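Chain and residue survey
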Amino acid sequence: MLPGPPAAVAAAAAAAPPRPSQFHAAPPGFGARQLPSRQGVPQRGARPSGGRGGKEDVFQALASACDLEPAWRPQVLLLHDLGLRSADFQRLGDSRPEIFQMGIVTMRRKIKFFQDTIGLSNAELTKVVVKFPRILEYKSERTIRPRLEFLRRCGVGQEDLAKVFIRAPMALELRVRDTLEPRADFLRNVLSLSSGALGKLIVRHPQVLTCTEDMMQQRVDFLLQQGLSQAELGRAVLAHPQVLHYKIDSMQERVNFLLSIGLDRQQVASCVARFPQLFSLNVEANLGPKWRYLVDFLRASPEESVATLCSYPAYFSLSLTNRVVPRHRFFLHMQAKSAGKQGSSSSKPGGGGSSKSGGGSEAIFPTNLLKCSDTQFCTQLGATQAQYDSFRQQLFGVAAQPGSHSDSDSDDER
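Residues numbered from 1 in each chain as written. Predicted model: local features only at pLDDT ≥ 70, side-chain atom pairs only at ≥ 80, totals over all residues. Heavy atoms only, no water.

Turning our eyes to something else, we now look at the overall build of the protein chain. Of the regular secondary structure elements, the protein chain holds 20 helices and zero strands. Evaluated residue by residue, the protein chain yields a buried proportion of 48% over its 414 residues. Considering only contacts in the protein chain between residues 6 or more positions apart, those separated by 24 or more positions represent 74%. With the model as given, the accessible surface of the protein chain reaches about 19200 Å², and the carbon-plus-sulfur share is 50%. (Helix = DSSP H or I, 4+ residues; strand = E, 2+ residues; numbered from the N terminus. Buried < 20%, exposed > 50% of the residue type's maximum accessible area, 1.4 Å probe, protein only. Contact = heavy atoms within 4.5 Å. Areas by Shrake-Rupley, 256 points an atom, 1.4 Å probe, with all protein chains shown as cover.)

With that out of the way, let us pick up the packing of aromatic side chains. Following the criterion strictly, the structure yields 14 aromatic pairs and no others. A centroid spacing of 6.0 Å and a plane angle of 70° characterise the contact between Phe113 and Phe114, whose relative ring orientation is edge-to-face. Neither residue differs from the other here; Phe113 and Phe114 are each classed as buried. Clustering of aromatic rings is evident, with ring pairs tying together Phe330, Phe377, Tyr388 and Phe391. Seen from the ring of Tyr312, Lys371 lies directly overhead, with NZ or CZ sitting 4.6 Å from the centre. (Phe/Tyr/Trp six-rings, centres within 6.5 Å; stacked < 30°, edge-to-face > 60°. Lys NZ or Arg CZ within 6 Å of the ring centre and 35° of its normal.)

Side chains carrying opposite charge are able to pair once their charged atoms draw close together. All chains considered together, the criterion is met by 16 salt bridges. Across the pair Asp88 and Arg91 runs a salt bridge, and its minimum N-O distance is 2.7 Å. Taken as a pair, Asp88 and Arg91 lie in helix α4 (residues 86-95) at a separation of three residues, close to a single helical turn. On the basis of relative accessible area, Asp88 is assigned to the buried category, the value being 2%. Relative accessible area serves as the criterion here: at 43%, Arg91 is assigned to the partly exposed category. Residues joined by salt bridges that share partners form a network here, namely Arg327, Asp374, Asp389 and Arg392. (Salt bridge = Lys/Arg side-chain N within 4 Å of Asp/Glu carboxyl O.)

Next up on the list: the side chain of Thr308. Note that Thr308 resides in helix α16 (residues 302-311). Within polar-contact distance, the side chain of Thr308 engages the side chain of Arg299 at 2.9 Å. Excluding residues within four positions of it along the chain, Thr308 makes contact with Leu294, Arg299 and Thr367. (Polar contact = N/O pair within 3.5 Å; in protein donor to acceptor, adjacent residues only side chain to side chain.)

For the protein chain, per-residue confidence averages 83 on the pLDDT scale, and residues scoring 70 or more make up 78% of the total. Every residue in residues 344-348 is under pLDDT 50, and counting partners more than four places away or in other chains gives twelve contacts. Segment residues 398-406: pLDDT under 50, and 20 contacts once partners within four positions in sequence are set aside and those in other chains are kept. (pLDDT = per-residue confidence, 0-100.)

At Asp67, a residue that is not glycine, the phi angle is positive and equals roughly 60°. With respect to the helices and strands, Asp67 occurs in the loop between α2 (51-66) and α3 (73-82). We classify Asp67 as partly exposed; its relative accessible area is 22%. Phi is positive for Ser192, close to 55°, though the residue is something other than glycine. Checked against the element boundaries, Ser192 lands in the loop between α9 (176-190) and α10 (195-204). Residue class for Ser192 comes out exposed when judged on its relative accessible area of 54%.

Right, let's talk about the nonpolar core for a bit. Counting 120 residues, the largest nonpolar core has Leu79, Phe114, Leu187, Phe279, Tyr315 and Phe316 as its most contacted members. Residue contacts for Tyr315: discarding those within four places in its chain leaves Lys290, Tyr293, Leu294, Leu298, Leu309, Leu320, Val324 and Leu370. (Core = buried A, V, L, I, M, F, W, Y, C linked by side-chain atoms within 4.5 Å.)

Looking now at the environment of Ser194. By the element assignment, Ser194 lies in the loop between α9 and α10. Taking C-alpha positions, Ser194 is 8.8 Å from Gly155, a pair spaced 39 residues apart along the chain.

With 13 residues, helix α11 (residues 213-225) ought to run about 18 Å at 1.5 Å a step, and its terminal C-alpha atoms sit 18 Å apart, in line with that. When we look at burial in α11, the residues that qualify are Met216, Arg219, Val220, Phe222 and Leu223. The buried residues of α11 occupy an angular sector of 160° when projected down its axis, which confines them to one face. For α11, exposure combined with an orientation more than 90 degrees from the buried face picks out Asp214 and Gln225. Turning to α11, the residues buried within the fold contact α9, α12 (230-239), α13 (248-260) and α14 (265-274). One or two steps after α11, the chain reaches Gly227, where phi turns positive at roughly 110°. (Expected span 1.5 Å × (residues − 1). Arc of directions from axis to C-beta.)

The subject of this paragraph is the packing of α10 against α12. Interaxial distance between α10 and α12 falls to 9 Å at its minimum, and their mutual angle equals 35°. Mapping the contact onto sequence places Ala197, Lys200, Leu201 and Arg204 in α10 and Val237, Leu238 and Ala239 in α12. Class assignment for the residues of the contact of α10 with α12 results in five nonpolar, no polar and two charged. (Axes fitted to C-alpha atoms, helices over the stretch in contact; angles between N-to-C directions. Nonpolar A, V, L, I, M, F, W, Y, C, P; charged D, E, K, R; others polar.)

Looking at the element boundaries, Ser317 is found in the loop between α16 and α17 (320-338). Taking the C-alpha atoms as reference points, Ser317 and Ser280, 37 residues apart in sequence, are found 9.8 Å from one another. Looking at Ser317, its side chain comes within polar contact range of the main-chain oxygen of Ala314, at 2.6 Å.

Here you go:
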């Protein structure tokens, strides 16, 4: 999306719209490719007015905004009808102007091929072109179709071709016989994947096809060295294919963290096998704070905390602020309320909130209360959703958040 321009630029654009003879002229006082006001420039989702006059106005606005050549008019209008807007044309003009020099008949034919053969909608194809404009330069029959046939042989269904195309269009520029097929064979043989499983892996993370066999082998060796069996390795990679291109030093850092908090090698292997996504989580911003909350508030001892992680390693994927802390505090609130302790500081939003006060008899917080939906959580506690929502709002309105690290705080190092 275009950033909002200075008011003076907006006023100038409104007062003096560009004339056909000024296609190359930037707004007064600005250099080439300076983004002008939104006013008069077609934005994403806007529908051009019908007729030649409407299209001419659209092109004039885009040409002035993005410094487009008059000779590119047919290509620009076709891509605009597809869904590209001013910011997209700005990027294409800067990084891939060759696109606009393609014959209009050829461009129409390629767009129709992508839509009819792969099943891409206008919006999906727009995303692909903006993300990887070179895709329009590939020959449909000579380049794209053989790669689509390769994907089908790998078990990717027709309904999933668009997903692969959108997520990793750059993989479709790799040679089939020299590059793609050897990598697919590696995944089948080393990970013992069936054709159906390989297809699911590619759909889930098609970028795996950009990894060399040597690169993947190093990650496989690392995981096996952690104690995973061959079967566990295959399941872990299928669940989180990104492990095949994470930096080994980065993965070792996560393993070292688990060892440092008390897990033994066998327990680490079990956690990695069951929850390989932990390799994507940052130690300082994510794993560390969640471990400390588990030890300090949810369990009576580090040993119990280790046992909890071994039984439920996906705990590390949960948001502290959005799930763990509010549910734990609300659990304590309901426990105190049922025991007639409404005046207890631990029952109030923002109170101490510990399940293990010295000599206290508070119930241990069950981890199954973290796994369910909000509705199920409230039902199990005999509360309403409205009560929980109100408590959560008060909690974060008057108390400092114990941890602001969410499950989106990842460190996907490659």
